[in-house]
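Geometric and topological summary
Residues per chain, in single letters:
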Amino acid sequence: MNTTLKHWKEAATLILAAGRGRGFTPRAPLTGESDSGQSHLPHRSLFDYGVLLLKRSGKSGFMPNAYVFPGGVVDASDFSSECVKQPLETRPPIFATDRLKLGSPIPGEVALRICALRETFEESGVLLVAPKIEEKKMLKSIKDLGYIERYGVNDLCSSELTKWRALVNQNPSNFIRMCRELQVLPDIWALHEWGNWLTPAGRYGTTRFDTAFFICCLQEIPHTLQDDKEIERFQWSTPSEILQSYQAQELWIAPPQFYELSRLCRFPLLNDLHNFASQRATAGCEQWMPVVVSNDEHHISLLPGDKLYPVDSPRDSEAAKSTAPQSKDHQDASPLHRIVISDPYTLRVQITITPKYNHVLPVAHSAVSHDSKSQL
């Protein structure tokens, strides 16, 4: 765990996609919503999987009532993978930091995956582990293919899971203890590197996170339980359903979730998503710290590659620009990579750049304007 960071808390989150099965019930269309809708999103019926979202408690100190992917802050016990080909000098610091110099023998790429698995278990009851006897088989699969062919969830008896979940919630170090006693391994091989988002300055209080995003695909939806502490409810929904519910103000998601769910809309089929994620992950990812600027009508969240994004990385700065510089030529074809925020439920991604590290563009869709601006 990197205790030298001044402004950031390291964290990991997991985009968990699972095939239609138990626990998956597509919602009915919203009132007044036509099949064509007002977007370019794939219709919900085209998706053969759902994504797990958890609603944060209204008492949470960070993003209360928001719907989020499971995840949380890295714990020291997480330091008690895939071979990424990205050059070390371009790796985000959360992955590139030499953990040996910080006193940990566990590489960051392993510990961050353990963190994502542990937090997913704590918050949703979903335990992603593999029998220890399969370790050699999994390592051979990585060596031969570069990724794991198998993707599934380990099913232990519910009483055993309940007991260990309570212990892990009491003390994160019990997660590794549980794995030892049950003779299982945290299934870090099932998690594929997806992205790295940093909290922008001044948007969600003083707490800021440097969060590694991973993705995992399961063949069917596992038994899921909320933790009754930080999480009020959970739901499995297709990416397009979540985005449509967000536009209808049925739930609120933060801009990173909006962006990543729009990316998932490129993959209506779970197998396509799994193949893309597992093969793309070896290319690495880019660190994104949004810089939020304002004009008369919108907040604009600038992302790396945008023509207005600061040349010098603002990662260690506590302040962001407050006003957007005016472009001399409004017809300028300069690169755009930004999220335009009209109100809390109206986001629009503007992007003309080519994604780095073999990633995909988010699916564009039209926004529905709302009057409320109270949460901006």
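A short tour of the structure in this document, coming up. (Residues numbered from 1 in each chain as written. Predicted model: local features only at pLDDT ≥ 70, side-chain atom pairs only at ≥ 80, totals over all residues. Heavy atoms only, no water.)

1. Examining the packing of helix α6 (residues 239–247) against helix α7 (residues 255–264)
Packed helices, taken two at a time, are described by their axes: the angle between them and the distance between them. Interaxial distance between α6 and α7 falls to 8 Å at its minimum, and their mutual angle equals 140 degrees. Here α6 is positioned oblique relative to α7, judged by the angle of their axes. As α6 runs across α7, the sense of the crossing is left-handed. The residues of α7 that touch α6, namely those facing P239, I242, L243 and Y246, are F258, L261, S262 and L264. Of the residues in the contact of α6 with α7, the class split is seven nonpolar, one polar and no charged. (Axes fitted to C-alpha atoms, helices over the stretch in contact; angles between N-to-C directions. Helix = DSSP H or I, 4+ residues; strand = E, 2+ residues; numbered from the N terminus. Parallel < 35°, antiparallel > 145°, perpendicular 65-115°, else oblique. Left-handed = near helix turned anticlockwise from the far one by under 90°. Contact = heavy atoms within 4.5 Å. Nonpolar A, V, L, I, M, F, W, Y, C, P; charged D, E, K, R; others polar.)

2. A look at the pattern of salt bridges
Applying the stated criterion to the full structure yields 10 salt bridges. E232 is paired through a salt bridge with K55; the nearest N and O atoms lie 3.7 Å apart. Of the charged contacts in the structure, one is a salt bridge between E286 and K356, with a shortest N-O distance of 3.5 Å. Of this pair, E286 sits in the loop between α8 (270–280) and β10 (287–288) while K356 sits in the segment after β14 (346–351), and the two are 70 residues apart along the sequence. One network of salt bridges, in which partners are shared, links R91, E109 and E193. (Salt bridge = Lys/Arg side-chain N within 4 Å of Asp/Glu carboxyl O.)

3. Things to note about the packing of aromatic side chains
According to the stated counting rule, one finds 11 aromatic pairs in the structure shown. When the centroid spacing of 6.4 Å and the interplanar angle of 90 degrees are considered together, the rings of F69 and F213 count as edge-to-face. For the pair formed by F69 and F213, the shared burial category is buried. Relative to F276, the ring of W194 has its centre 6.1 Å away and its plane inclined at 80 degrees; by these criteria the two rings are edge-to-face. In this pair, W194 sits in strand β7 (residues 192–198) while F276 sits in helix α8, placing the two residues 82 residues apart along the sequence. (Phe/Tyr/Trp six-rings, centres within 6.5 Å; stacked < 30°, edge-to-face > 60°. Buried < 20%, exposed > 50% of the residue type's maximum accessible area, 1.4 Å probe, protein only.)

4. Examining the sheet that holds strand β13 (residues 337–343)
Within a sheet, adjacent strands bond to each other through the backbone by hydrogen bonds, running parallel or antiparallel. Spatially, the four strands line up as an open sheet ordered β11-β12-β13-β14, and their pairing is antiparallel. Here the strands that pair on one side only, and so sit at the sheet edges, are β11 (291–294) and β14. The sheet shows a mean angle of 25 degrees between the axes of neighbouring strands, taken without regard to direction. One ladder, built from four bridges, connects β11 with strand β12 (residues 299–302); its direction is antiparallel. Paired with V291 across the bridge in β12 is L302. Across the face of the sheet, α7 comes into contact with β13 and β14 while running at roughly 60 degrees to β14. (Pairing = 2+ DSSP bridges.)

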